[in-house]
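Letter by letter, the chains look like this.
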Amino acid sequence: DVIDVRPLTGQGLFTYDPGFVSTAACESKLTYIDGGKGILLHGGYPIEQLANHSDYLEVCYLLLNGELPTPEEKEEFVNIVSNHTMVHEQMSHFFNGFRRDAHPMAIMVACVGALSAFYHDSLDINNAHHREVCAYRLIAKMPTLAAMCYKYSIGQPFMYPRNELSYAENFLHMMFATPCGEYKVSPTLARAMDKIFVLHADHEQNASTSTVRLAGSSGANPFACIAAGIAALWGPAHGGANEAVLVMLEEIGDEENIPEFIERAKDPNDPFRLMGFGHRVYRNFDPRAKVMKQTCDEVLAELGIENDPLLKIAKRLEQIALEDEYFVERKLYPNVDFYSGIILKAIGIPTSMFTVIFALSRTIGWISHWNEFHSSPNKIGRPRQLYTGPKFRDYPSK
Ligand code: ACO
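In this text the structure is predicted, and so the values were computed from the model without any measurement. (Residues numbered from 1 in each chain as written. Predicted model: local features only at pLDDT ≥ 70, side-chain atom pairs only at ≥ 80, totals over all residues. Heavy atoms only, no water.)

Caption draft 1: Examining the overall build of the protein more closely. Summing up its helical and strand segments, the protein has 18 helices and 3 strands in all. In summary, the protein has a C-alpha radius of gyration of 22 Å against a globular reference of 21 Å for 398 residues, a match within 12%. C-alpha extents for the protein along the principal axes are approximately 70 × 55 × 55 Å. Each of the 398 residues in the protein was classed as buried or not, and the buried ones make up 48%. Looking at the protein, you have 36 positive and 48 negative side-chain charges, and the mean spots of the two groups are 7 Å apart. (Helix = DSSP H or I, 4+ residues; strand = E, 2+ residues; numbered from the N terminus. Rg over C-alpha atoms; globule rule 2.2 N^0.38 Å. Buried < 20%, exposed > 50% of the residue type's maximum accessible area, 1.4 Å probe, protein only. Lys, Arg positive; Asp, Glu negative; His and termini not counted. Charge placed at Lys NZ, Arg CZ, Asp CG, Glu CD.)

Caption draft 2: Layout of the packing of helix H3 (residues 56-65) against helix H4 (residues 71-82). Relative to each other, H3 and H4 sit at 100°, their axes nearing to 10 Å. Classified by the angle between their axes, H3 and H4 sit roughly perpendicular to one another. Contacts between H3 and H4 involve Leu57, Glu58, Cys60, Tyr61 and Leu64 from the former and Glu73, Lys74, Phe77, Val78 and Val81 from the latter. A per-class count over the contact of H3 with H4 returns 7 nonpolar, no polar and 3 charged. (Axes fitted to C-alpha atoms, helices over the stretch in contact; angles between N-to-C directions. Parallel < 35°, antiparallel > 145°, perpendicular 65-115°, else oblique. Contact = heavy atoms within 4.5 Å. Nonpolar A, V, L, I, M, F, W, Y, C, P; charged D, E, K, R; others polar.)

Caption draft 3: Broad picture of the site of the ligand. Taken together, 21 residues form the shell around the ligand, and within it Arg273, Leu274, Gly276, Arg280 and Arg330 come nearest. A distance of 2.8 Å separates an oxygen atom of the ligand from a polar side-chain atom of Arg280. A distance of 2.9 Å is found between an oxygen atom of the ligand and a side-chain nitrogen or oxygen belonging to Arg330. Protein coverage of the free-state accessible area of the ligand, which is 930 Å², stands at 74%. (Near = heavy atom within 4 Å. Polar contact = N/O pair within 3.5 Å; in protein donor to acceptor, adjacent residues only side chain to side chain. Areas by Shrake-Rupley, 256 points an atom, 1.4 Å probe, with all protein chains shown as cover.)

Caption draft 4: View of the nonpolar core. Grouped together as the largest cluster of nonpolar side chains are 114 residues, with contacts concentrated most on Leu145, Phe171, Met193, Leu274, Leu317 and Ile349. Beyond its immediate stretch of four places on either side in the chain, Ile349 contacts Phe171, Met175, Phe176, Met193, Leu344, Phe354 and Ile357. (Core = buried A, V, L, I, M, F, W, Y, C linked by side-chain atoms within 4.5 Å.)

Caption draft 5: View of unusual backbone geometry. One non-glycine residue with positive phi stands out, namely Tyr119, at about 50°. Along the chain, Tyr119 falls in the loop between helix H6 (104-114) and helix H7 (128-154). The exposure class assigned to Tyr119 is buried, which follows from its relative accessible area of 16%. We note that Lys331 has phi near 55°; this positive angle belongs to a residue other than glycine. Within the secondary structure layout, Lys331 lies in the loop between helix H16 (325-329) and helix H17 (336-347). Since its relative accessible area comes to 39%, Lys331 is described here as partly exposed.

Caption draft 6: Representation of the pattern of salt bridges in the model. Applying the stated rule across the entire model yields 15 salt bridges. Here Glu329 ties to Arg330 by a salt bridge, and the two come within 3.9 Å at their closest N and O atoms. A relative accessible area of 55% places Glu329 in the exposed class. Each of Asp55, Glu58 and Lys74 takes part in a single network of salt bridges with overlapping partners. (Salt bridge = Lys/Arg side-chain N within 4 Å of Asp/Glu carboxyl O.)

Caption draft 7: Representation of a nonpolar patch on the surface in the model. On the surface, a nonpolar cluster with roughly 320 Å² of combined accessible area is contributed by Phe14, Tyr16 and Leu386. Examined against the element boundaries, Leu386 turns out to sit in the segment after helix H18 (354-375). In this structure Leu386 comes out as partly exposed when scored by relative accessible area, which is 45%. (Patch = residues over 30% accessible without salt bridge, like charges linked within 9 Å, V, L, I, M, F, W, Y side chains within 5 Å.)

Caption draft 8: Here's a closer look at helix H9 (residues 187-199). Given a rise of 1.5 Å per residue, 13 residues ought to cover 18 Å, and the 18 Å separating the end C-alpha atoms of H9 matches this to within 8%. In terms of burial, H9 is a largely internal element, 10 of the 13 residues being buried. Burial in H9 covers these residues: Leu189, Ala190, Ala192, Met193, Asp194, Lys195, Ile196, Phe197, Val198 and Leu199. Elements in contact with the buried residues of H9: helix H2 (47-53), H3, helix H8 (167-176), helix H14 (287-303), H17 and H18. (Expected span 1.5 Å × (residues − 1).)

Caption draft 9: Structural view of the packing of aromatic side chains. Taken as a whole and assessed by the stated rule, the structure comprises 19 aromatic pairs. Centre to centre, the rings of Tyr61 and Phe77 are 5.4 Å apart; their planes meet at 90°, and the pair counts as edge-to-face. You can see Tyr61 sitting in helix H3 and its partner Phe77 sitting in helix H4, a full 16 residues away along the chain. The exposure class of Phe77 is buried, given its relative accessible area of 5%. (Phe/Tyr/Trp six-rings, centres within 6.5 Å; stacked < 30°, edge-to-face > 60°.)

Caption draft 10: Main features of the pairing of strand E1 (residues 31-34). With 4 bridges connecting them, E1 and strand E2 (residues 39-42) associate as antiparallel partners. Along E2, the bridge assignment pairs Thr31 with His42. (Pairing = 2+ DSSP bridges.)

Caption draft 11: Structural detail: the pairing of E2. What sits between the antiparallel neighbours E1 and E2 is a turn of 4 residues, in which Gly38 has the positive phi angle 75°. Two elements, E2 and strand E3 (residues 45-46), share 2 bridges in a ladder whose sense is antiparallel. Its bridge partner being in E3, Leu41 is matched across the sheet by Pro46. Taken together, E2 and the strand that follows it, E3, pair antiparallel across an intervening segment of 2 residues, in which Gly43 is found at a positive phi of about 55°.

Caption draft 12: Main features of the sheet that holds E1. Read from one edge of the open sheet, 3 strands run E1-E2-E3, paired in antiparallel fashion. Each edge of the sheet is formed by a strand with only one pairing partner; in this case those strands are E1 and E3.

Caption draft 13: Fine view of the packing of H3 against H18. Direction vectors running N to C along H3 and H18 enclose 15°, while the axes themselves pass 9 Å from each other. Classified by the angle their axes make, H3 and H18 are roughly parallel. Regarding H3 and H18, the two cross each other, and that crossing is right-handed. Judged by residue contacts, Tyr56, Cys60, Leu63 and Leu64 of H3 engage Leu360, Ser361, Ile364, Ser368 and Asn371 from H18. Considered class by class, the residues forming the contact of H3 with H18 number 6 nonpolar, 3 polar and no charged. (Left-handed = near helix turned anticlockwise from the far one by under 90°.)

Here it is, written out as structure tokens:
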């Protein structure tokens, strides 16, 4: 049921809805979620079908254009994106200003924001072609910047993109190849990486996407808006959860300690929560988590590491939580981040890079929402507040 409060706002009446649990801030054609039934559709297509039959760049095209591409359109789109994978050589100097142990999300916020100091040829937000070019640049450059963050952190030289590789293969190449050795990208790992990108591509008005839309509503530079989205994603209640899952598994340390952590998660006086469990919108199994779980099993089998101690803790934790009354009653199922963290670890991606991978994947959702905002009649976002401070009082006389 939708209550439209537009006619009331000018008269001083407004809704008070902390956390925006029942308030829609916009219309959108991109993504549909039915949290009760566990349904997620992009442009009408179920996420399970997209994850299993499509690929990330096709989903990018779908989110930007509203339709799947024909084979010719797909080829053209892939070519355009491939042509934008390099970042300006000046960008490589920015990295030197950071400590090697800086969190890669801190570097990403800065470097993506810094893109706004380049590319002044396509900043007319009222021009559809300019907006498209911004989107191409962001989709193409995010893997390059993400891999540069990692290479910088371990003191290795940056690897230039290889445009003959697929999007996911190229990312793995820039992450793991070195100038002095042959690196062969595993097709299974590239496919798993691509699925992670697809499953995180968009999720309607989450905190980071709403941030991008709100920042964009003032007409701000698109790269700066995406930097705002990256900042919002960083928190452990949102994109930081995949990193927090692995940190939690390490803290648990052994299967025999699981009950103690389950009890802590249930204690209302303990702020500890089981990371990777629960979701604001899904009160049923997150459909992305189902695909991720299957991919996780495939990757672990392919790599022959089903017996990794942390992965065993994760499986046992999942089993116990799914049977525990507290979690069952509250419909707290493992979310997409629970499994994506495990796959990323298996691929060899360090924990601190997990949220960066999420940011890379979600960039298409952010820029598509930004584009949708500017393609339709719009207004600057300006939420109201319920004032609870002191009423009028006179400044004390001295
Ligand atoms: N562990 C233990 N208890 C939990 C958890 C959890 N992970 N999540 C929710 N609960 C409990 C709450 O304490 C509350 O219990 P109560 O009814 O007894 O007070 C009840 O379940 C409802 O939780 P809310 O806080 O109202 O749920 P909300 O929608 O505000 O929060 C959130 C959703 C932030 C995702 C939460 O479940 C959480 O913190 N999960 C862990 C972090 C996480 O995995 N985040 C990733 C989200 S997915 C994504 O960003 C792609």
